[in-house]
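Here's the letter readout for the chains.
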Amino acid sequence: MKKEDQFYLYLILLHVVIGVLGFVLPFTTKIYGYSIFIFGVYYIIKSQNRNHEALIAAAYVVGSEVFLRMTGGNPLYEISKYGVMVFILIGMYYSGFSKGAAPYWIFLLLLVPSVVISTFVLDFDTNIRKAIAFNISGPVCLGLASLYTFRRKISLEQINKILLSMGLPLVTCMMYLTLYTPNIRDVITGTDSNVVTSGGYGPNQVSTALGLGMFVFFSRIILESSTKFLVIINLIVALNITYRGMLTFSRGGMITGFLMIVLLLFFLYLKSNYKGRVKLNYIIVLVVLTMMTTWGYTSFQTGGLINKRYANQDASGRVKESRFTGREEVAINEINTFLKNPVFGVGVGKGQEVREAETGIFIASHDEITRMLAEHGSLGILALLILMFTPLVLYLENKFNMFLLCFAAFWFLTINHAAMRTAAPAFVYSLSLLNVQLGFPTKKKGD
């Protein structure tokens, strides 16, 4: 076995062990959580961010967020978004801002008016700081990370390291879920999203994280498996993450992860020569067979309920009235709120209060697009247009970035079903702005 393969195996096993410890000795998750932020700062400062260590550290925070939330290991609930921002700021200190990132300066400025409005309109008994931070931390994290990544040169090897850093904590999450729900048939009795198979936490966020992990390790099978041993290791990890993701019965994250894999394969197929396409054909067959096997096994374990879930049926086979578990009602309410306040919106965090006053239900938005419309008004539309079109312009400039469309798709699809509750859509979006190079880029301040 090569030393590199051996080291990779040890990395995977280490994160399996962390998951086991988190289940057996719950207090270890707090040690793990605090250590990530302490060693992340040390790692970036020691290296002076010479090889984009800020992105590697931030990626690890993103990958660990859901596991730490479900186990109570996070120092603060929203700490991962702030952790990403702190790491990026340290990275900027050593490497500067990206040149020409004006779209994201404008994006951040467009958020300000609604924040100011919210300080005047939020209810008296509302914790204004928490209400604003809960809704604005995601967009600010995205904008700040984008100021660092915009057109910044990076090698393909470095971006694969960033993805691995994000994927390793998801191995820990997968292991914890395996121990948390060993007897699947005892806890799955219907076709609704399952909290128990999600580690006692929100299935939507767990599914989002595991869908991203599924993409990371399938991409490593394609791009970073130079030996049969690595193919086997990555395949085992990818299959297990996919299986645990399906068992959450939350569809959004898994469908998003699958579409990311399809986009990557499609891109590589278009860019490859004849020999490359022959190899990709084998990989495509492998991916299809493994997906079918995983689906078949999941269907067997759930008594066919997973099939009904994705067909939008209940346990008796009846088609459910709502395909989006009632989220469309929240979205319609936010659109109506926008139509009543089209210029500046109602203010950050106020949309939730308006919805409670009109419907009697206090529920946070699951759709970042309609939330931006309701709370930021026409400025929110401009902000969203910047986010949507800038990556597409960069794709026309640098068509080698095989991950660009995958990352942009993850952001767009995730914010439509899980808003920006986690740091993942913000950070992954920022990665779509990188200028991926075949070789090692020359390191210059501000590149």
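Residues numbered from 1 in each chain as written. Predicted model: local features only at pLDDT ≥ 70, side-chain atom pairs only at ≥ 80, totals over all residues. Heavy atoms only, no water.

**Some thoughts on the overall build of the protein chain**
Part 1: Along its length, the protein chain carries 18 helices and 2 strands.
Part 2: A compact globule built from 447 residues should have a C-alpha radius of gyration of about 22 Å, and the protein chain, at 22 Å, falls within 12% of that.
Part 3: When the 447 residues of the protein chain are sorted by exposure, 57% land in the buried category.
Part 4: Residue pairs in contact within the protein chain that sit at least 24 positions apart in sequence constitute 82% of those at least 6 positions apart.
Part 5: In the protein chain, the 38 positive side-chain charges and the 24 negative ones have mean positions that sit 11 Å from each other. (Helix = DSSP H or I, 4+ residues; strand = E, 2+ residues; numbered from the N terminus. Rg over C-alpha atoms; globule rule 2.2 N^0.38 Å. Buried < 20%, exposed > 50% of the residue type's maximum accessible area, 1.4 Å probe, protein only. Contact = heavy atoms within 4.5 Å. Lys, Arg positive; Asp, Glu negative; His and termini not counted. Charge placed at Lys NZ, Arg CZ, Asp CG, Glu CD.)

**Quick notes on unusual backbone geometry**
Part 1: The phi dihedral of Asn49 falls on the positive side, at around 55°, and the residue is not glycine.
Part 2: Here Asn49 is to be found in the loop between helix 2 (28-47) and helix 3 (53-71).
Part 3: Positive phi, normally seen in glycine, also occurs at His52, with a value near 60°.
Part 4: With respect to the element layout, His52 can be found in the loop between helix 2 and helix 3.

**Structural notes on the packing of aromatic side chains**
Part 1: In the structure shown here, the tally under the stated rule is 15 aromatic pairs.
Part 2: Their ring planes at 85° and their centres at 6.3 Å tell us that Phe215 and Phe403 sit as a pair that is edge-to-face. On the criterion of sequence distance, the pair formed by Phe215 in helix 9 (residues 203-223) and Phe403 in the loop between helix 16 (368-397) and helix 17 (404-417) is long-range, its members being 188 residues apart. Comparing Phe215 with Phe403 shows no difference in burial state: the two are buried. (Phe/Tyr/Trp six-rings, centres within 6.5 Å; stacked < 30°, edge-to-face > 60°.)

**Digging into the nonpolar core**
Part 1: Counting 117 residues, the largest nonpolar core has Phe217 and Phe427 as the members making the most contacts within it.
Part 2: Discounting residues that sit within four places of it in the chain, Phe427 has contacts with Leu55, Ala58, Ala59, Val62, Val84, Ile162 and Met166.
Part 3: Counting 8 residues, the second-largest nonpolar core is a separate cluster that includes Tyr243, Leu247, Phe249 and Leu305. (Core = buried A, V, L, I, M, F, W, Y, C linked by side-chain atoms within 4.5 Å.)

**Quick look at the confidence of the model for the protein chain**
Part 1: Across the protein chain, the average pLDDT comes to 90, with 96% of residues at 70 or higher.
Part 2: Contacts from residues 440-446, a stretch scored under 50 in pLDDT, to residues over four places away or in other chains number 21 contacts. (pLDDT = per-residue confidence, 0-100.)

**Focus on the side chain of Arg69**
Part 1: If you trace the backbone, Arg69 turns up in helix 3.
Part 2: Overall, the relative accessible area of 9% leaves Arg69 in the buried class.
Part 3: Once residues lying within four places of it in the same chain are set aside, the contact partners of Arg69 are Asn74, Tyr77, Glu78, Tyr201, Gln205, Arg421 and Thr422.

**A closer look at helix 18 (residues 424-431)**
Counting along an α-helix, one turn takes 3.6 residues, and residues three or four places apart therefore face a common direction.
Part 1: Along helix 18, 8 of the 8 residues are buried, which leaves the element largely enclosed by surrounding structure.
Part 2: Among the residues of helix 18, Ala424, Pro425, Ala426, Phe427, Val428, Tyr429, Ser430 and Leu431 are the ones counted as buried.

**A few points about the pattern of salt bridges**
Part 1: If you walk through the whole model with that rule in mind, you get 10 salt bridges.
Part 2: Ionic pairing is found between Arg69 and Glu65, a salt bridge with its closest N-O pair at 3.0 Å. One end of the pair, Arg69, and the other, Glu65, are both in helix 3, 4 residues apart, so they sit about a helical turn from each other.
Part 3: Judged by its relative accessible area of 0%, Glu65 is buried.
Part 4: Close ionic contact of Glu375 with Arg371 constitutes a salt bridge, the shortest N to O distance being 2.6 Å. Taken together, the residues span about one helical turn, with Glu375 and Arg371 both in helix 16 at a distance of 4 residues. (Salt bridge = Lys/Arg side-chain N within 4 Å of Asp/Glu carboxyl O.)

**Some details on the side chain of Ser64**
Part 1: Mapped onto the elements of the fold, Ser64 is located in helix 3.
Part 2: Judged by relative accessible area, Ser64 falls into the buried class, the value being 1%.
Part 3: Excluding residues that lie within four positions of it along the chain, Ser64 makes contacts with Tyr32, Ile36 and Pro169.

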